[in-house]
Amino acid sequence: MLNCSCPYRRCEWHGKCRECVALHRYHAEHLPCCLQPLLREKITVLAGCCEMETTSRVKESEKFREYVKEQDAVRGKGR
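Bear in mind that the values here come from a model prediction, so they are computed numbers and not experimental data.

## As for the overall build of the protein chain
Counting its secondary structure elements, the protein chain contains three helices and zero strands. For the protein chain, the α and β elements follow one another from N to C terminus as α-α-α. With 79 residues in all, the protein chain has 20% of them scored as buried. Put simply, of all contacts in the protein chain between residues at least 6 apart along the chain, 57% involve residues at least 24 apart.

Take a look at the structure:
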């Protein structure tokens, strides 16, 4: 079994990668942090082919975590 590569170790889903990815897919939101570097490299190459640029944005993990909990409560999907 591999260790979770997500940098947000305080996240309640840290180490529960299946649940984390399923949660992100359910809410139709961005990719989990652990998958972003992998795809960022590929998207940067693709954007370069289209003469576009990509930039990184600042992560707001605490704010996002609270948002996810609020959305779960609103949709009745609390754990």
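## A few points about the nonpolar core
When a protein is soluble and globular, its nonpolar side chains tend to lie buried together. Of all hydrophobic cores here, the largest spans five residues; its members are C11, W13, C20, L23 and V68. Residue contacts for V68: discarding those within four places in its chain leaves W13, L23 and E29.

## Some words on helix α3 (residues 61–74)
End to end, α3 covers 20 Å across 14 residues, agreeing with the expected 20 Å (1.5 Å per residue, within 8%). Restricting attention to buried positions, one finds in α3 the residues R65, V68, Q71 and D72. One side of α3 holds all its buried residues, which, seen down the axis, span an arc of 125 degrees. Turned more than 90 degrees away from the buried face of α3, the exposed residues are K63, A73 and V74. Buried positions along α3 lie against α1 (17–26). One or two positions beyond α3, positive phi appears at G76, with a value near 70 degrees.

## Some points on the pattern of salt bridges
This model, assessed by the stated rule, comprises one salt bridge. Residue E12 is joined to K69 by a salt bridge in which the shortest nitrogen-to-oxygen separation is 3.5 Å. With a gap of 57 residues between them, E12 in the segment before α1 and K69 in helix α3 connect regions that are remote in the sequence.

## Side note on the confidence of the model for the protein chain
For the protein chain, the mean per-residue pLDDT works out to 79, and 82% of the residues sit at or above 70. The spread of mean pLDDT over the elements of the protein chain runs between α3, the lowest at 82, and α1, the highest at 87.

## Re the side chain of Q36
The topology assignment puts Q36 in helix α2 (residues 36–49). A relative accessible area of 15% means that Q36 is categorised as buried.

## Description of the side chain of R65
In this structure, R65 sits in helix α3. Once residues lying within four places of it in the same chain are set aside, the contact partners of R65 are Y8, R10, C11 and E12.

Rules behind the numbers
- Note that residues are indexed from 1 along each chain, following the sequence as it is written.
- Only residues with pLDDT of at least 70 get local features here, since the model is predicted, and only at 80 or more are side-chain atom pairs given and counted; chain-wide, interface and lining totals rely on the full set of residues.
- Side-chain descriptors were evaluated using all non-hydrogen atoms of the structure, hydrogens and water having been removed beforehand.
- Secondary structure elements are defined from DSSP: runs of H or I of at least 4 residues count as helices, runs of E of at least 2 residues count as strands, and each element is numbered from the N terminus.
- Any residue under 20% of the maximum accessible area for its type is buried, any over 50% is exposed, and the rest in between are partly exposed; the area is computed with a 1.4 Å probe on protein chains only.
- Contact criterion: two residues are considered in contact whenever any of their non-hydrogen atoms come within 4.5 Å of each other.
- What makes a nonpolar core is a set of buried Ala, Val, Leu, Ile, Met, Phe, Trp, Tyr and Cys residues whose side-chain atoms join them at distances within 4.5 Å.
- Expected helix span is computed as 1.5 Å times (number of residues minus one).
- Comment: arc refers to directions from the helix axis out to C-beta atoms.
- Throughout this description, the term salt bridge denotes a Lys or Arg side-chain nitrogen within 4 Å of a carboxyl oxygen of Asp or Glu.
- Confidence of the predictor at the level of single residues is given by pLDDT, which spans 0 to 100.

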